[in-house]
Amino acid sequence: QVQVVESGGGLVQAGGSLRLSCAASGRTFTIYAMGWFRQAPGKEREFVASIKWSDGSTVYTASVKDRFTLSRDNAKNTVYLQMNSLKPDDTAVYYCAATRGRGVLTALSLFDYWGQGTQVTVSS
C-alpha cells in the first residue's frame, strides 16, 4: 500500500508561479514512477508530467514542457512540480499519483495510488 499527499495549490495571477509538493508514504520502496495529472471543471483528467524513480527521467505533456519542471527528493520520497508562467488554462485540480508497475508513464490507467488533489487557480 502507498499513500500520496499533495500540497501547494492556490490562487495566482497569470504569469506567476506555484510549486506543488507530493509526499509518498507506506511501501515507497516499491514505487516505479510518480506523476502529476490535472482535471478542470467539466473536463477529463489529463496527464501533466511523470518521473521514473530509478533514474529520474521525466516526461511532460506538450502544453507545459517549457514552463513546468518535475523533480524528486529520493530521501524524502517526495516529488515537486515547479510551475512557471502560469496561464488561466492551467486552472484545475492537480493530482499526484504513484505506481508500482511498469508501463506507459503518460497513462492514467498505470497509476494505482492517488492523492486528494490540490486546487490551482490562475486569474487573468
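Conventions adopted
- Residues numbered from 1 in each chain as written.
- Predicted model: local features only at pLDDT ≥ 70, side-chain atom pairs only at ≥ 80, totals over all residues.
- Heavy atoms only, no water.
- Helix = DSSP H or I, 4+ residues; strand = E, 2+ residues; numbered from the N terminus.
- Rg over C-alpha atoms; globule rule 2.2 N^0.38 Å.
- Buried < 20%, exposed > 50% of the residue type's maximum accessible area, 1.4 Å probe, protein only.
- Contact = heavy atoms within 4.5 Å.
- Areas by Shrake-Rupley, 256 points an atom, 1.4 Å probe, with all protein chains shown as cover.
- Pairing = 2+ DSSP bridges.
- Axes fitted to C-alpha atoms, helices over the stretch in contact; angles between N-to-C directions.
- Salt bridge = Lys/Arg side-chain N within 4 Å of Asp/Glu carboxyl O.
- Disulfide = S-S within 2.5 Å.

## As for the overall build of the chain
- Per the secondary structure count, the chain includes zero helices and eleven strands.
- Order of helices (α) and strands (β) in the chain, N terminus to C terminus: β-β-β-β-β-β-β-β-β-β-β.
- Here the chain has a C-alpha radius of gyration of 13 Å; the compact-globule value for 124 residues is 14 Å, and the two agree.
- Taking the principal axes of the C-alpha coordinates as reference, the chain spans close to 40 × 30 × 25 Å.
- Among the 124 residues that make up the chain, the fraction classed as buried is 43%.
- Looking at the chain alone, contacts between residues at least 24 apart form 56% of all its contacts between residues at least 6 apart.
- Approximately 6,200 Å² of the chain is accessible, and the part contributed by carbon and sulfur atoms is 47%.

## Structural notes on the sheet that holds strand β3 (residues 18-26)
- Ordered by their spatial adjacency, four strands build an open sheet running β1-β3-β8-β7, and the pairing between neighbours is antiparallel. The sheet is open, and its two edges are formed by β1 (2-7) and β7 (68-73), each paired on a single side. Going from strand to strand, the sheet's axes swing by 15° on average, the running direction of each strand aside.
- Examined bridge by bridge, β3 and strand β8 (residues 78-83) share six bridges and lie antiparallel to one another. Each bridged residue has a counterpart across the sheet, and for L18 the counterpart in β8 is M83.

## Examining the pattern of salt bridges
- Summed over the entire model, instances satisfying the criterion amount to three salt bridges.
- R67 is the salt-bridge partner of D90, the closest N and O atoms lying 2.7 Å from each other. Here D90 is found in the loop between β8 and β9 (92-99), whereas its partner R67 is found in the loop between β6 (58-60) and β7, with 23 residues between them in sequence.
- What makes D90 buried here is its relative accessible area of 2%.

## A word on the state of the cysteines
- Applying the stated criterion to the full structure yields one disulfide.
- Two residues, C22 and C96, share a disulfide whose sulfurs are 2.0 Å apart. Note on the C22 and C96 pair: the S-S dihedral is about -85°, so by sign convention the disulfide is left-handed. Here the residue C22 occupies a position in strand β3, and C96 occupies one in strand β9, the gap between them amounting to 74 residues.
- Take C22: its relative accessible area is 0%, and that puts it in the buried class.

## Observations concerning unusual backbone geometry
- A positive phi is found at N77, a non-glycine position, where the angle reads about 50°.
- Mapped onto the fold, N77 is located in the loop between β7 and β8.
- In the Ramachandran plot, S85 falls in the positive-phi region, its phi being about 50° despite a non-glycine side chain.
- With respect to the secondary-structure elements, S85 resides in the loop between β8 and β9.
- Relative accessible area serves as the criterion here: at 40%, S85 is assigned to the partly exposed category.

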